[in-house]
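These are the residues of each chain, in order.
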Amino acid sequence: SQPPATREGALRAGLLAIDAAAWILADRDPRLTVATSRAELDWALRSGRRPVWAPAKMLADALPRPALDASRPAALAAWFAAEIDAETLILAGAEPPDAPGVALIRAATPADLGA
């Protein structure tokens, strides 16, 4: 288990690591694009692109700022799902977190995701 990344330095470093992973993933697949804000996410979806969320900017800009832990990416995804009014959050290989405002959270296997 990873230690909590809730203090400012650890939180920002953890979020930047997640952002870096999003950019690396998007660089490997031309169908993907990185979304750092709600506007970029909306643009990607309208353009038929598959967005990969890079959370650092959106979390830094959030008011009120959520109390999150960068070492718990499933909880970050749940916060994001609630922020964009997602009906469903599908997590691959992660323990579903509490996610107020998200109607359905379900775990997925790689086979469910076409891998």
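Criteria and cut-off values
Residues numbered from 1 in each chain as written. Predicted model: local features only at pLDDT ≥ 70, side-chain atom pairs only at ≥ 80, totals over all residues. Heavy atoms only, no water. Salt bridge = Lys/Arg side-chain N within 4 Å of Asp/Glu carboxyl O. Helix = DSSP H or I, 4+ residues; strand = E, 2+ residues; numbered from the N terminus. Buried < 20%, exposed > 50% of the residue type's maximum accessible area, 1.4 Å probe, protein only.

K.L.:
Before we move on, can you summarise the pattern of salt bridges with the specific residues and values?
P.N.:
Under the counting rule described, the total for this entry stands at three salt bridges. The salt bridge involving aspartate 42 is made with arginine 38; its shortest N-O contact spans 3.4 Å. In this pair, aspartate 42 and arginine 38 are both assigned in helix H2 (residues 38-46), four residues apart and thus about one turn of the helix distant. A residue is classified by how much of its surface remains accessible, and aspartate 42, at 29% relative accessible area, is partly exposed. For aspartate 61, the salt bridge identified is with lysine 57, shortest N-O distance 2.6 Å. Highlighted residues: aspartate 61 and lysine 57, both in helix H3 (residues 56-61), separated by four residues, approximately one helical turn.

K.L.:
Please set out unusual backbone geometry residue by residue, giving values where relevant.
P.N.:
Backbone geometry at aspartate 85 places phi at a positive 60 degrees, although glycine is not the residue there. Along the chain, aspartate 85 turns up in the loop between helix H4 (73-83) and strand E3 (88-92). Here aspartate 85 falls in the exposed class, since its relative accessible area comes to 62%.

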